Amino acid sequence: MNRYKYTLFLAFFIALVLGWSACEDDPGLGNGDSDGDADGDGDSDGDSDGDSDGDSDGDSDGDADKDAGVMEMNCSSCPAVGTSLDNILCALDICDTGIVSDNKVGSAMAFTQQCEIEDTYEAVKRFGDATNGLKPRLNDSYALLATGKANPASGLHSDDCTHYTFVDGLKDPWVKDSQSIYDVVEWSITMTAPAGAKSFRFKYVFFSEEYDDYISSEYNDKFYVILNAPQTTAGKDKVINYTDCRDPYQYYDFTGPDCDTKTGYCCYIAINSALSDCCWYPQNSEHVDDSPALDKCPVDTGEPTDITGTGYECAKDAFNDEDIHGSSTGWVQTSWPIKSNETFTIKFHLHDTRDALWDSEVILDAFEFLVSHEQGTIEVE
């Protein structure tokens, strides 16, 4: 019995010595890992996020922005509010101006009433009321582009910058039944993708006074993002922002192999695209009497974005929907591949369709290059 007790005591003493030695060798002992630090996450970078990049954001890019793969641009000295081309470029968060070789806003037609092309764009800290849902998504401002005045003091968007003669309309090359278009505005930027870039993305909100009156009809103003790159698009123009349609029984822009959405019917960003906030549609709408999609919101996009003070707020019903009302897509994001070091042109294009009334507008923000491949248009919170 005494020999057994002695043996047990000796084993306990040896285990204690070995444990003490291990504690001396591994400062992380006691935190649940053996990586040599004291954070308990199983790596050796000194933070607590479980990766090995030295920041604490949970991704592996080392930039502490919680978003893996963003190639950040320094916007600390950027003039981001005002009406110059430099202002709107910086408001879009393209702050490394060395990559930009051309930046211009123009129109294929002349405005005919109380408006110059310079009135159609502006960099602002916020569009509408200071407490609405349109806070900038990156840095402190964003760019506005409109088929009328971008930020009129009146808050109304129907009468300025309007063509009243319909004989000078252009043709829309991107829809199946070519329509006449008016009040065309294009912001064109030519730039070179940085080394290592595999795609780019940006965030935006499309507004139109044609919500909800003309949903499911051909009367819908368009917002095209047109990419032209020697490798990525073989030097041809390509519209890269499109979604499922709100009601494809009544209206769609294209289908076939280029339409990679869930339904197989695609709509460019306009009032007929699925990513749109509902007002009263389709109750009392003249365009959906025979549609199978007669529920109020054919596609559930969640709670509507608060756009108070923009001049595009929803009307409560069809009988009160006038030119001081409208709606928006809410915040959406388009991403598209690009080649490293490729010089390309991106055009943000707005126009009125089949008439020169009922303005449309877009917020443009948070342009970023990525080291990962991304493609498509999605809703963002």
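What counts and how
- Residues numbered from 1 in each chain as written.
- Predicted model: local features only at pLDDT ≥ 70, side-chain atom pairs only at ≥ 80, totals over all residues.
- Heavy atoms only, no water.
- Helix = DSSP H or I, 4+ residues; strand = E, 2+ residues; numbered from the N terminus.
- Buried < 20%, exposed > 50% of the residue type's maximum accessible area, 1.4 Å probe, protein only.
- Contact = heavy atoms within 4.5 Å.
- Lys, Arg positive; Asp, Glu negative; His and termini not counted.
- Salt bridge = Lys/Arg side-chain N within 4 Å of Asp/Glu carboxyl O.
- Polar contact = N/O pair within 3.5 Å; in protein donor to acceptor, adjacent residues only side chain to side chain.
- Disulfide = S-S within 2.5 Å.
- Phe/Tyr/Trp six-rings, centres within 6.5 Å; stacked < 30°, edge-to-face > 60°.
- Lys NZ or Arg CZ within 6 Å of the ring centre and 35° of its normal.
- pLDDT = per-residue confidence, 0-100.
- Pairing = 2+ DSSP bridges.

### Notes on the overall build of the protein
Then step 1. When its secondary structure is counted, the protein shows 2 helices and 17 strands.
Then step 2. The proportion of buried residues among the 381 residues of the protein is 49%.
Then step 3. Relative to all contacts within the protein whose residues are 6 or more apart in sequence, the contacts with residues 24 or more apart total 70%.

### Observations regarding the side chain of D212
Then step 1. Here D212 shows up in the loop between β7 (199–208) and β8 (222–228).
Then step 2. Salt bridges are absent for the buried D212, whose nearest opposite-charge side chain, R246, sits at 4.4 Å.
Then step 3. Of the polar contacts made by the side chain of D212, one reaches the backbone nitrogen of W280; its length is 2.9 Å.
Then step 4. Apart from residues no more than four positions distant in its own chain, D212 is found in contact with R246, C278, C279, W280, Y281 and D321.

### Details of the environment of A143
Then step 1. Mapped onto the elements of the fold, A143 is located in strand β4 (residues 142–146).
Then step 2. The class of A143 is buried, set by a relative accessible area of 0%.
Then step 3. In this structure the C-alpha to C-alpha distance between A143 and Y121, which are 22 residues apart in sequence, comes to 7.2 Å.
Then step 4. Each residue touching A143, except ones within four places of it in the same chain, is listed here: I88, A91, E122, A123, W187, V362, I363 and L364.

### Observations concerning the state of the cysteines
Then step 1. With the rule as written, the count across this model stands at 5 disulfides.
Then step 2. Each sulfur in the disulfide pair C279 and C314 lies 1.8 Å from the other. Since a negative S-S torsion denotes a left-handed disulfide, the C279-C314 link at about -70° is left-handed. Taken as a pair, C279 in the loop between β12 (265–268) and β13 (327–328) and C314 in the loop between β12 and β13 lie far apart in primary sequence, 35 residues in all.
Then step 3. With relative accessibility at 36%, the residue C314 sits in the partly exposed group.

### Some details on the packing of aromatic side chains
Then step 1. The full count for this structure, using the stated rule, is 20 aromatic pairs.
Then step 2. Centroid distance Y142 to W331: 6.3 Å. Interplanar angle 65°. Geometry classified as edge-to-face. With Y142 in strand β4 and W331 in the loop between β13 and β14 (332–337), this pair connects stretches of sequence that are 189 residues apart.
Then step 3. The aromatic ring of W331 is capped on one face by R137, whose charged end is 5.0 Å from the ring centroid.

### Quick word on the pattern of salt bridges
Then step 1. By the definition in use, this model includes 4 salt bridges.
Then step 2. The partner of D102 in a salt bridge is K104, with the nearest N and O atoms 3.6 Å apart.
Then step 3. The exposure class assigned to D102 is partly exposed, which follows from its relative accessible area of 29%.
Then step 4. Among the salt bridges present, the one from R201 reaches E374, with a minimum N-O distance of 3.8 Å. Here R201, found in strand β7, pairs with E374, found in the loop between β16 (360–370) and β17 (376–379); they are 173 residues apart in sequence, far enough to count as distant.
Then step 5. When its relative accessible area of 6% is taken as the criterion, R201 is described as buried.
Then step 6. Overlapping salt bridges, with partners in common, bring together R201, E368 and E374 in one network.

### Here we look at the confidence of the model for the protein
Then step 1. Per-residue pLDDT for the protein averages 79, and the proportion of residues at 70 or more is 72%.
Then step 2. pLDDT under 50 marks residues 1–32. Its contacts with residues more than four places away, or in other chains, come to 14 contacts.
Then step 3. Ignoring residues within four places in sequence, the model shows residues 47–65, a span with pLDDT below 50, making 50 contacts including any to other chains.

### What about the sheet that holds strand β10 (residues 242–244)?
Then step 1. One open sheet holds the 3 strands; their spatial order is β10-β12-β11, and the pairing between them is antiparallel. One side of each edge strand has no neighbouring strand; the edge strands of this open sheet are β10 and β11 (254–255).
Then step 2. Sheet topology places β11 next to β12; 2 bridges connect them, and they run antiparallel. Across the sheet, residue F254 finds its bridge partner in β12, namely C266.

### A short note on unusual backbone geometry
For residues besides glycine, phi is generally negative; the peptide bonds are generally trans as well.
Then step 1. A cis amide bond links Y211 to the next residue, D212, at an omega of -20°.
Then step 2. Non-glycine residue D93 carries a positive phi angle of around 75°.
Then step 3. With respect to the helices and strands, the residue D93 is situated in the loop between α2 (85–91) and β2 (100–106).
Then step 4. Overall, the relative accessible area of 3% leaves D93 in the buried class.

### Topic: the pairing of β8
Then step 1. Across the 7 residues of β8, 6 count as buried, placing the element largely inside the fold.
Then step 2. Alignment of β8 against strand β15 (residues 343–353), held across 7 bridges, turns out to be antiparallel. Directly across from V225, in β15, lies its bridge partner F348.
Then step 3. Bridging between β8 and strand β9 (residues 238–239) involves 2 bridges; their strand directions are antiparallel. Paired with I226 across the bridge in β9 is V239.

### Re the environment of T97
Then step 1. Among the structural elements, T97 can be located in the loop between α2 and β2.
Then step 2. Sequence-wise, T97 and M191 are 94 residues apart; in three dimensions their C-alpha atoms are separated by 8.8 Å.

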